[in-house]
There are 2 protein chains.
Amino acid sequence: MTGIKALADHLGISIGTVSRALNNKPDVKKATRARVLAAAAELGYAPNQSGRNLRKGKTNAVGFMFEAGDPGAHGGDNFFLSVVASAQSVFKARNIDLVMLPCGPDETPVDYLKRMVARRFVDGIILTATTRDDPRISYLERTGIPFVALGRSTSGTRYRWIDLDFEGAAREGVRLLARHGHRRLAVAIPESDANLGYVFRDAFLDALVENGLDPQPDLVFRVESSEQGGLDLSEQLLARDPRPTAVLLSYELMAIGLYHGLQNAGLKPGDDLAIVSLRESPQIRFLSPALPSFRLDLHGLGAELAQALLDEMQNRDVPRKTSQGMLWPFEALPKLT
Amino acid sequence: MTGIKALADHLGISIGTVSRALNNKPDVKKATRARVLAAAAELGYAPNQSGRNLRKGKTNAVGFMFEAGDPGAHGGDNFFLSVVASAQSVFKARNIDLVMLPCGPDETPVDYLKRMVARRFVDGIILTATTRDDPRISYLERTGIPFVALGRSTSGTRYRWIDLDFEGAAREGVRLLARHGHRRLAVAIPESDANLGYVFRDAFLDALVENGLDPQPDLVFRVESSEQGGLDLSEQLLARDPRPTAVLLSYELMAIGLYHGLQNAGLKPGDDLAIVSLRESPQIRFLSPALPSFRLDLHGLGAELAQALLDEMQNRDVPRKTSQGMLWPFEALPKLT
């Protein structure tokens, strides 16, 4: 959180003027005061008036922001809940509590985030569901509030992120399918602006080339990140002539609708269309035939996120100059039958 | 952060009007309130915590407590997330924010709750996953903190609750199966101490009698509330001789493992074992053959919970003398083929 000196530096006016503006003294021009207040809100300035804890910006709480309304954004239930449970254990050992901040469908994520910052519920924030262009990241960079992004974005130049290794999974997935003789591969990514979709698509197309295959952008399918999206995908795949012989899914719950659509068309998942998916989860564990999928250590991921945010909070007075990222690996190469 | 005076100056209206707008008083024009709220958000207005919040116990936040660790307790992902998204819209219109409080697996729910209360994160609380004996309820009754329980308990004598109408669903489910000629009915309930398991079991046994059938307590199966629990259930059902011809599930994700187990044994769900489940959800919508299940209006439930908690908060100075409950109905009687 920004102090009065940083605020004064940012505005290029004296600390005294900023202070008088913030305290609403009469000897400050209206325009100056408006400028100071706007900058204070924008930079997340914390006033010194509300007791020791507030002076230190200490609520001993951190926020895990996520989108509660989007059917796909919450990543199939147990994804976030497992991450959160594990992160919370790490925070708790430091006498800090994690609260989840659900952004509803009737508000943009950046507006929601600004309100949370204004309300000073938390000392630090974990962002999720990063989009390609994500104004939350530039906003938090400006405010100086410690945060970590679970996911990357083209926004932001000096933030800490941890993202799933979509590149690695796309590469391994394509290599596996190519080794099994597939030459006409499709990929399914979210239709939303989720950054992972772009990363996964690009890595997929690169991997095709690496395996001596033609990158075919028309075999990149953007569908809803949900069971329904998988059903839509089955229809789109079946309409192609020649049909792709394999598809890589960016989200495992798509498989539920995809299996259904294939079976309704008299086709057998696996035999008539090879399918490889990210992330084994309880919901798909009982699909028949079994869905080849990568695994994720969600427990470890949650702990890593918590540790990264604790580091950011500890170093809050040392502004970041560059971004710092980490790719969290997918595990256990899927097996094709 | 901006104070109320700065906010009033910025808007060029009186502090009194700003205060009434922020406190949602009826004598403020809609357009004015919208302007005030927009400016408050933009300028990062927050009520003075050292004054107002500590005196009145006002954080303008409410907590939605849930268990992040338990595989079954979170009710199949979109259950809580849909409820929360809808509740949040209601709170937001009153200038209150909902935060989710995840209780991890390394702590008892009552210890976690006590810490949350001590930390004064929130002005009111929604409890979920109530257990038969639930010390959280008696604790909150003693503290006088406004709360609403999503679920009932034998603990507590003067609290507000909203629970799913498990009795109604059990009654309708048994009647439906009996009408289709089934005489040997089983029921699957959570193996945990979740209160719903007891309610559902008792209602199930009563309904058998109402339909002229023998209540058979040995056909009450307690399994994990999960896909895996459904697989365990299939094994237990198949081991019975004579085998039940129908089963009522208290949790829809059990069906995923149950279908798998039956199909592996060469049996067809629906034909060889009639299955009726609570709550249609995206995860089971594509099961083949279709799973007959009751529906729930989660959006309405979330709004109802929020309204109930707002009422409790408004009447916090008038201690409750008795409990007040509401059964939230299941909809759309399942169809058996």
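Just so we're clear, the structure is a prediction, and the values are computed from it rather than from any experiment. Residue indices follow the written sequence of each chain, beginning from 1 at its first position. Each chain is given a letter, starting from A, and each ligand a number, starting from 1, according to the order in which they appear as written. With pLDDT at 70 or above as the cut-off, local features in this predicted model cover only qualifying residues; side-chain atom pairs require 80 or more to be listed or tallied, and sums for whole chains, interfaces and linings still use all residues. Computation of side-chain values: all heavy atoms of the structure, hydrogens and water removed.

In this text, helices come from DSSP runs of H or I with a minimum length of four residues, and strands from runs of E with a minimum of two, each type numbered from the N-terminal end. Looking only at helices and strands, chain A has 12 helices and 10 strands in total. C-alpha atoms of chain A, sized along the principal axes, occupy 80 × 40 × 35 Å. The 337 residues of chain A split such that 59% are buried. We call two residues in contact when some of their heavy atoms are within 4.5 Å. Put simply, of all contacts in chain A between residues at least 6 apart along the chain, 67% involve residues at least 24 apart. Method for areas: the Shrake-Rupley scheme with a 1.4 Å probe, in which residue coverage is limited to the protein chains shown. With an accessible surface of roughly 13400 Å², chain A has 48% of that area assigned to carbon and sulfur atoms. In this charge count, Lys and Arg are treated as positive and Asp and Glu as negative; neither His nor the chain ends contribute. Just so you know, the charge point we use is NZ for Lys, CZ for Arg, CG for Asp and CD for Glu. Between the mean site of the 40 positive side-chain charges and the mean site of the 40 negative ones, chain A shows a separation of 10 Å. Any residue under 20% of the maximum accessible area for its type is buried, any over 50% is exposed, and the rest in between are partly exposed; the area is computed with a 1.4 Å probe on protein chains only.

What follows deals with the nonpolar core. Formed by 114 residues in total, the largest nonpolar core has its most connected members in Phe 91 of chain A together with Phe 91 of chain B. The residues touching Phe 91 of chain A, leaving out its near neighbours within four places in the chain, are Val 62, Ile 96, Leu 98, Ile 126, Ala 306, Leu 309 and Leu 310 of chain A. As used in this record, nonpolar core signifies buried Ala, Val, Leu, Ile, Met, Phe, Trp, Tyr and Cys residues forming a set joined through side-chain atoms within 4.5 Å. Ranked by size, the runner-up nonpolar core spans 42 residues in total, among them Leu 101, Cys 103, Val 117 and Leu 127 of chain B.

To continue, consider the sheet that holds strand 7 (residues 220-223) of chain A. All names here are of chain A. As summarised here, the arrangement of the four strands in space is 7-6-8-9, forming an open sheet in which the pairing is parallel. In the strand order of this sheet, the two ends are held by strand 7 and strand 9 (274-277), each with one partner. If you compare each strand with its neighbour and ignore which way they point, the axes differ by 20 degrees on average. As paired strands, strand 8 (residues 246-249) and strand 9 are joined by four bridges and run parallel to one another. If you follow Val 247 over to strand 9, its bridge partner there is Ile 275. The sheet strands contacting helix 9 (residues 195-210) are strand 6 (185-190), strand 7 and strand 8, and the helix crosses strand 6 at an angle near 165 degrees. Against the sheet, helix 10 (residues 227-238) engages strand 6, strand 7 and strand 8, with an angle of about 145 degrees to strand 7. Two strands qualify as a pair provided DSSP detects at least 2 bridges between them. Here an axis means a line fitted to C-alpha atoms, over the contact stretch when the element is a helix, while the angle between two N-to-C directions is reported on a 0 to 180 degree scale.

Here we take up the domain arrangement of chain A. Once the domains are mapped, chain A shows domain 1 (4-49), domain 2 (59-164 + 299-328) and domain 3 (166-277). The domain limits used here are those given by an automatic or database domain assignment. The C-alpha centroid of domain 3 of chain A is placed 53 Å from the C-alpha centroid of domain 1 of chain A.

The next subject is the packing of helix 8 (residues 166-179) of chain B against helix 9 (residues 195-210) of chain B. All names here are of chain B. Between helix 8 and helix 9, the least distance of the axes is 8 Å, while the angle of their chain directions is 35 degrees. In the packing of helix 8 onto helix 9, the handedness of the crossing is right-handed. Only Leu 196, Val 199, Phe 200, Ala 203, Phe 204, Ala 207, Leu 208 and Glu 210 of helix 9 make contact with helix 8, whose side of the interface consists of Phe 166, Glu 167, Ala 170, Arg 171 and Val 174. Each residue gets one label: Ala, Val, Leu, Ile, Met, Phe, Trp, Tyr, Cys and Pro are nonpolar, Asp, Glu, Lys and Arg are charged, and the others, such as Gly, are polar. Looking at the contact of helix 8 with helix 9, its residues break down into 10 nonpolar, no polar and three charged. Crossings are assigned a handedness: left-handed for a near helix turned anticlockwise from the far helix by less than a right angle, right-handed for a clockwise turn.

Take the environment of Leu 185 of chain A next. Along the chain, Leu 185 of chain A falls in strand 6. In sequence terms Leu 185 of chain A and Gln 216 of chain A are 31 residues apart; their C-alpha atoms lie 8.4 Å from each other.

What follows deals with helix 12 (residues 298-314) of chain B. Residues and elements named next belong to chain B. The terminal C-alpha atoms of helix 12, which comprises 17 residues, lie 24 Å apart, in line with the 24 Å expected from a rise of 1.5 Å per residue. Of all the residues in helix 12, the buried ones are Leu 298, Gly 300, Leu 301, Gly 302, Leu 305, Ala 306, Ala 308, Leu 309, Leu 310, Glu 312 and Met 313. Where helix 12 begins, the capping side chain belongs to Asp 297, and its oxygen is found 3.3 Å from the backbone nitrogen of His 299. Under the convention used throughout, the expected extent of a helix is 1.5 Å for every residue step, that is, one less than its residue count. Two N or O atoms count as a polar contact when they lie within 3.5 Å, although within protein this holds only if one can serve as hydrogen donor and the other as acceptor, and sequence-adjacent residues are included solely when both atoms are side-chain atoms.

Okay, unusual backbone geometry next. That bond from Ser 288 of chain A to Pro 289 of chain A is cis: its omega, -10 degrees, falls within 30 degrees of zero. Here the residue pair Asp 241 of chain B and Pro 242 of chain B is connected by a cis peptide bond, since its omega of 0 degrees sits within 30 degrees of zero. Following the sequence through the fold, Pro 242 of chain B ends up in the loop between helix 10 (227-238) and strand 8 (246-249). The phi dihedral of Arg 279 of chain A falls on the positive side, at around 60 degrees, and the residue is not glycine. Of note, Arg 279 of chain A is situated in the loop between strand 9 and helix 12 (298-314). Non-glycine residue Ala 129 of chain B carries a positive phi angle of around 50 degrees. The residue Ala 129 of chain B is located in the loop between strand 3 (124-127) and helix 7 (135-143) in this model. Among the residues examined, Ala 129 of chain B registers a relative accessible area of 25% and is labelled partly exposed.

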